[in-house]
Amino acid sequence: MTYISHLECPKCQRSYAPFRPNNTCQCGAPLLVRYDLDDMGRGISRREIKKRPPGMWRYREFLPVAREENIVSLGEGSTPMLTAGRLGKALGLEHLQIKDEGLNPTGTFKSRGASCGISRCKELGIGKIAMPTAGHAGGAWSCYAARAGIEAFIAMPVDAERVAMLECVLSGAKTWLVRGLISDAGRMISKAAAKYEWFDVATLKEPYRIEGKKTMGLEIAEDFDWGAPDVVIYPTGGGVGLIGIWKAYQELIQMGWVKDKPPKLVAVQAEGCMPIVRAYQEGKESSEFHTGAKTFAGGIRVPKALGDFLVLQAIRETGGTAVAVSDEEIMEGVKLTALTEGMFICPEGGAAIAAARRLVQTGYIQPEDKVVILNTGAGIKYPDIVRPELPVLNPDEEIVL
Ligand SMILES: *Cc1c(COP(=O)(O)O)cnc(C)c1O
Ligand SMILES: [Zn+2]
């Protein structure tokens, strides 16, 4: 079923066999999955894929799992590409679409990475996984681990979203709260993983999460009739989603399934945590640790990403850009989207809306450009970002406008 050929280091080009558990390359860089794309092109057609039922596993040939019985799925993928006419008008865009990842099983696109990653763990006989998380990845991986009968060990910041903590606890993951950032949790998990022989599935420390997230790119291409929008705007933390979309287009173009150029990839970060934006602005190939990271958009509160050099490469090679927005602008983005489209998006999605507004103002985006914004998660995973101030009535009072 899979056309996986090997794992490759994008930094030093070393290659590894894909038949046993792998973390990063000897040089420390993340490993990417490579496929025999010629064989794949002969084995599967676009028409055949079109006929399959919805869900990300309809692209199973593009994914690394060899045996169907190892697939661990909760129905992730095939999220809607919604036309956002009223929001577009408010932002000055004629062709705005929002791909709503909030409809995934755990309420964020992290379901995709977890489904693929946990399936591969099952296939490789891994029984215990461990990860640091800002929240949603831990929630997703512990749910999929439970479904696979795999034990999960998770560490997250004390101020992570409560809903994500509940996902971990209810699905039976051993969960720790850390008085610090995801980077602190990462150091602690890495040490414990070595001690207890847990498989460390931190962002880009194993090669399969990105393959699941790649399916967002495959779906965008299919939604554009095997083509591409002009611009894709993506809230960027670890950068896995953005690298995944880029990788999807590279594979589709190499197979000849997509003739267009890949979309311009725009990375959005919060002003309180903008390592990638800073590196992009300074023309650097990798980012510096952002000290004192602070934003209420937890999914993009990542002070230093292992795959930063790949994100920067993806931005530059596609003619994209990197933008930082303030927490106030993020909140305005969330409110405006609910007001104009009835969509309760997550703060990270709100950041992408704010970035779109900014890029129209600067002229980077033209009004007639086809723009896709990724809403990476559901607003209901952040039940406390708005405190409604509402009139409270006694039962004998009359409602007056
Ligand atoms: C994890 C997360 C992000 C950032 O995704 P990366 O692929 O790590 O850049 C954005 N939004 C939400 C809701 C997330 O959970
Ligand atoms: Zn290497």
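Our subject is the structure listed above.
To keep things clear, this report deals only with the structure shown in the data block. (Residues numbered from 1 in each chain as written. Chains lettered and ligands numbered in written order. Predicted model: local features only at pLDDT ≥ 70, side-chain atom pairs only at ≥ 80, totals over all residues. Heavy atoms only, no water.)

1. Structural notes on the overall build of the protein chain
Assigned secondary structure in the protein chain consists of 13 helices and 13 strands. Judged by the C-alpha coordinates and their principal axes, the protein chain covers about 70 × 45 × 45 Å. Considering the protein chain as a whole, with its 401 residues, one finds that 58% of them fall into the buried category. Across the protein chain, the fraction of contacts at a sequence separation of at least 24, relative to all contacts at a separation of at least 6, is 71%. Counting only carbon and sulfur atoms, one obtains 50% of the accessible surface of the protein chain, whose full area is about 17200 Å². The positive charge centre, built from 48 side chains, and the negative charge centre, built from 48, are 5 Å apart in the protein chain. (Helix = DSSP H or I, 4+ residues; strand = E, 2+ residues; numbered from the N terminus. Buried < 20%, exposed > 50% of the residue type's maximum accessible area, 1.4 Å probe, protein only. Contact = heavy atoms within 4.5 Å. Areas by Shrake-Rupley, 256 points an atom, 1.4 Å probe, with all protein chains shown as cover. Lys, Arg positive; Asp, Glu negative; His and termini not counted. Charge placed at Lys NZ, Arg CZ, Asp CG, Glu CD.)

2. Overview of the coordination of the zinc ion (ligand 2)
Six octahedral donors at a metal ideally form angles of 90 or 180 degrees, and four tetrahedral donors ideally form angles of 109.5 degrees. The protein atoms donating to the zinc ion (ligand 2) are Cys9 (SG), Cys12 (SG), Cys25 (SG) and Cys27 (SG), with metal-donor distances spanning 2.3 Å. Here the zinc ion (ligand 2) is ringed by 4 donor atoms whose angles at the metal span 103 to 119 degrees, and the overall shape comes out tetrahedral. Here the donor residues of the zinc ion (ligand 2) share one chain and are spaced in sequence as C-x2-C-x12-C-x1-C. Note that Cys12 is positioned in the loop between β1 (4-8) and β2 (15-16) and Cys25 in the loop between β2 and β3 (32-35), a separation of 13 residues in sequence. (Donors = N, O, S within 2.8 Å, 3.2 Å for Na, K, Ca; no water. Tetrahedral: all angles 85-135°; square planar, octahedral: opposite > 155°, others 65-115°.)

3. Remarks on the nonpolar core
Among the nonpolar cores identified, the biggest contains 86 residues, and Phe62, Ile129 and Ile245 are the most heavily contacted of them. Element by element, the count of residues in this core is highest for helix α9 (residues 240-255), at 9 residues. Those residues in contact with Ile129 that sit more than four places away from it in its chain are Ile118, Cys121, Trp141, Ala145, Ile150, Glu151, Ala152, Phe153, Trp198, Phe199 and Val201. Membership of the second largest hydrophobic core comes to 35 residues, among which are Ile98, Val231, Met343 and Ala351. (Core = buried A, V, L, I, M, F, W, Y, C linked by side-chain atoms within 4.5 Å.)

4. Considerations on the packing of aromatic side chains
Overall, the coordinates contain 6 aromatic pairs when judged by the stated rule. Between Phe62 and Trp257, the ring centres sit 5.6 Å apart and the planes meet at 70 degrees, which makes this aromatic pair edge-to-face. One end of the pair, Phe62, is in the loop between α2 (46-51) and β4 (81-83); the other, Trp257, is in the loop between α9 and β11 (264-270), with 195 residues separating them in the sequence. Ring geometry for Phe153 versus Trp198: centroids 4.2 Å apart, planes at 5 degrees, classification stacked. (Phe/Tyr/Trp six-rings, centres within 6.5 Å; stacked < 30°, edge-to-face > 60°.)

5. Comments concerning the sheet that holds β2
Overall, antiparallel pairing links the 3 strands, which are arranged β2-β1-β3 in an open sheet. Strands with a single pairing partner mark the edges of an open sheet, and in this sheet they are β2 and β3. With 2 bridges joining them, β1 and β2 adopt antiparallel strand pairing. Within β2, the position partnered with Leu7 by the bridge is Tyr16. (Pairing = 2+ DSSP bridges.)

6. Thoughts on the sheet that holds strand β5 (residues 95-100)
The strand order across the open sheet built from 6 strands is β4-β5-β13-β10-β11-β12, with neighbouring strands paired in mixed fashion. Among the strands making up the open sheet, the edge pair consists of β4 and β12 (321-325). Within the sheet, the average angular offset between the axes of one strand and its neighbour, ignoring direction, is 25 degrees. Across 6 bridges, β5 lies against strand β13 (residues 370-375) in parallel orientation. Considered in β13, the bridge of Ile98 is made with Ile373. Across the face of the sheet, α9 comes into contact with β10 (231-235), β11 and β13 while running at roughly 180 degrees to β11. Contacting β5, β10, β11, β12 and β13, helix α13 (residues 347-362) crosses the sheet at an angle of about 110 degrees to β12. (Axes fitted to C-alpha atoms, helices over the stretch in contact; angles between N-to-C directions.)

7. Thoughts on the site of ligand 1
Around ligand 1 lies a shell of 16 residues, among which Lys110, Gly237, Gly239, Gly241 and Thr376 are the nearest. Note that an oxygen atom of ligand 1 is positioned 2.6 Å from one of the backbone N or O atoms of Gly239. Backbone polar atom of Val240 to an oxygen atom of ligand 1: 3.1 Å apart, as the coordinates give it. Taking 380 Å² as the accessible area of ligand 1 by itself, protein coverage stands at 96%. Looking at the shell around ligand 1, the elements with two or more residues in it are β10 and α9. A per-class count over the shell around ligand 1 returns 5 nonpolar, 8 polar and 3 charged. (Near = heavy atom within 4 Å. Polar contact = N/O pair within 3.5 Å; in protein donor to acceptor, adjacent residues only side chain to side chain. Nonpolar A, V, L, I, M, F, W, Y, C, P; charged D, E, K, R; others polar.)

8. Quick look at the packing of α9 against helix α11 (residues 308-317)
The interhelical angle for the contact between α9 and α11, taken along N-to-C directions, is 50 degrees, at an axis separation of 9 Å. The pairing of α9 with α11 is recorded here as oblique in orientation. The crossing of α9 and α11 is left-handed. Between α9 and α11, the contacting residues are Leu242, Ile243 and Trp246 on the first element and Leu310, Val311, Gln313, Ala314 and Glu317 on the second. The class makeup of the residues in the contact of α9 with α11 is 6 nonpolar, 1 polar and 1 charged. (Parallel < 35°, antiparallel > 145°, perpendicular 65-115°, else oblique. Left-handed = near helix turned anticlockwise from the far one by under 90°.)

9. Some points on unusual backbone geometry
The phi dihedral of Gln13 falls on the positive side, at around 65 degrees, and the residue is not glycine. Within the secondary structure layout, Gln13 lies in the loop between β1 and β2. The phi dihedral of Trp226 falls on the positive side, at around 55 degrees, and the residue is not glycine. Within the secondary structure, Trp226 is located in the loop between α8 (209-223) and β10.

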